[in-house]
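Here are the chains, one letter per residue:
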Amino acid sequence: MLRSIKQLYYNNSGFTDEEYHEFEETRKKLNIQRCVIICEFLIILNIVLVLFDRFYYFSFRKANPAYTYLFYSHITVMVLAVLWLLIMYLINCNIKNPKYTFMYLLLASIVVYWGVFMGLNGLNISGQITAYIICALSLSLVVYLCPIEGLILYSTSLMIFIIGLCLFPIEKKIIYSHIINAIIAILCSYIASCINYSALKSDFISKKIILEKQKELEANNVKLREYEKLRTDFFANISHELRTPLNIIYSSQQMMENILLEKKQNVGNINNYLKMMKQNSFRLIKLVNNLIDMTKIDATIYEIKPLNCDIVSLVENITMSTAEYIESKGISLTFDTEFEEKVISCDPEKIERIILNLLSNSIKFTHADGSIFVNIYMRDGKVNISVKDTGIGIPDEMKELIFDRFIQVDKSINRNREGSGIGLSLVKSLVEMHNGSISVNSVIGQGSEFIISLPDVQTDKNCGENYFKCLEDQRVERINIEFSDIYE
Ligand code: ADP
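The structure displayed is predicted, hence computed values, not measured ones.

The rules behind these values
- All residue numbers here refer to positions counted from 1 along the written sequence of the relevant chain.
- Reporting of local features is limited, given that this is a predicted model, to residues whose pLDDT is at least 70; pairs of side-chain atoms are given and counted only at 80 or more, and all residues count toward the totals for whole chains, interfaces and linings.
- With hydrogens and water excluded, all non-hydrogen atoms of the structure serve as input to the side-chain values.
- Throughout, exposure labels follow a simple rule: accessible area from a 1.4 Å probe, protein chains only, divided by the maximum for the residue type, with under 20% read as buried, over 50% as exposed, and the rest as partly exposed.
- Every helix listed is a DSSP run of H or I at least four residues long, and every strand listed is a run of E at least two residues long, numbered separately from the N terminus.
- Pairing between two strands requires that DSSP report at least two bridges joining them.
- Each polar contact in these results corresponds to two N or O atoms within 3.5 Å; when the atoms are within protein, one needs to be able to donate a hydrogen and the other to accept it, and residues that are neighboring in sequence are counted only if both atoms are side-chain atoms.
- Residue contacts are defined here by distance: any two heavy atoms, one from each residue, within 4.5 Å place the two residues in contact.
- Here a residue is near a molecule or strand as soon as one of its heavy atoms is found within 4 Å of it.
- Only the protein chains shown count as cover for residues, and the accessible areas themselves come from Shrake-Rupley with a 1.4 Å probe.

Caption draft 1: Quick look at the pairing of strand β5 (residues 382-389). Counting buried residues along β5, six of its eight residues qualify, which places the element largely inside the surrounding structure. Here strand β4 (residues 371-379) folds back onto β5, and the loop between the two strands holds two residues, one of which, D380, carries a positive phi near 50°. Sheet topology places β5 next to strand β7 (residues 447-455); seven bridges connect them, and they run antiparallel. Counted as the bridge partner of V387 is F450 from β7.

Right, here's the structure in full:
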């Protein structure tokens, strides 16, 4: 019952069950440690008192039996304290041992009841009840008693003391004054015990908060270190990404200069050099565009402009615009759809960016003779767009990570494929801006499938014919930019 009352008290003071057990364990541990100190102190004190008694008060015993009680009381306390220490030793200081639960309460009771006896005995010898007051006050300061424990312990001791006092053949007036003194002392002890207890509680709560904050801080530190490493890797990679096309552009320009100056070499090569310069300029544009978008997304100033448009024809047109390029790489391209038309709210420009990015990755990571499939279908009330390839696949442990910024499966500078590791993180952000989601299924050596899931909703703005035409007119340039890091 005491336990359930205590639990009720703890719950009311904002402790969870788990915190209650943790706090109780800490309190038990501290109380046991302090009780051991009390025991040691009592043993030493009582040895001194017994010796004092033996040499100084021995002669008074016959005249006043209270001195005899005092002597036996010292011996009893000494024996009890030694016994208590022995039990502690036998339990071997294993604080989790259930036998510990009431150990400190037992010792606290012995101390306070011993105080009652000493007080009454002292009244017999010197008319003072100081021993009881000292015991009660010291206990309240040394042992952490919860308010209920304290209430039971102090009130029973007071009751025993008052009964004992009433048995004394002394004046009623003196009895009342002693009762008043004892009540005041016990009230003070109880208040001190409550203050001591709540100090322990708030100390425990603050330590817990500090510990939690420390854990949070450590976790953040780990994340920060990981992010810092990614940033360093990214800058190493970005330097490579910037230098490679710049080198190619510069050397192509030099080769062209030589051809034009000396006219010795084949003038026809100029077209090849121009092509290389164009592709690498596009590659630089792609990189810079991605960096700008990444910064805008971070600054939350990147916005999409949703319009009602037929997602089937949009995705089909984008896919078919890349068909010639994909087939020139020896890869077959198939587009399939579950329905002829599906009007949903989306930003056509961003959808183009998403599809081109996924197609560019599929081309990059699929060998000649492989295949790419683009498919549109409804699943669970959502419009799903799947871009699937028969390429090299993605290891299981990288499937979630590739959507994070700067993450590449093959990070080595001398890897076969170029890239900055920003593409998929941008795709993910763009899809999420459409309230959609992106997932990947992949088997190493067999291929990967990226599935975009968009909500089947419409907005109040429609997409005009002219808008679509404009978008398609400039698509070739954007394909060139998006595919610029694909090499032979
Ligand atoms: P990158 O510019 O390096 O391609 P992305 O963010 O687009 O950056 O892709 C991150 C990584 O995910 C790539 O470096 C690659 O390792 C992996 N990846 C993306 N798409 C595919 C795919 N279709 N097949 C195999 N791996 C892929």
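Here the narrative resumes.
Caption draft 2: The side chain of S371, seen in detail. Residue position: S371 is located in strand β4. Residue S371 is classed as buried on the basis of its relative accessible area of 15%. Here the side chain of S371 touches S332 through a polar contact of 3.2 Å, side chain to side chain. Apart from the residues lying within four places of it in its own chain, the contact partners of S371 are I331, S332, T366, K388, D389 and T390.

Caption draft 3: How the structure looks around the site of the ligand. Taken together, the neighbourhood of the ligand is formed by 19 residues, with N361, K364, D389, Q408 and L424 sitting nearest. D389 is positioned with one of its side-chain polar atoms (N or O) 2.9 Å from a nitrogen atom of the ligand. S448 places a side-chain nitrogen or oxygen 3.4 Å from a nitrogen atom of the ligand. Expressed as a share of its isolated accessible area of 530 Å², the protein-covered part of the ligand is 96%. Every element with two or more residues in the shell around the ligand is listed here: α11 (348-364), α12 (423-433) and β7.

Functional significance is not addressed by these values, which are geometric in nature.
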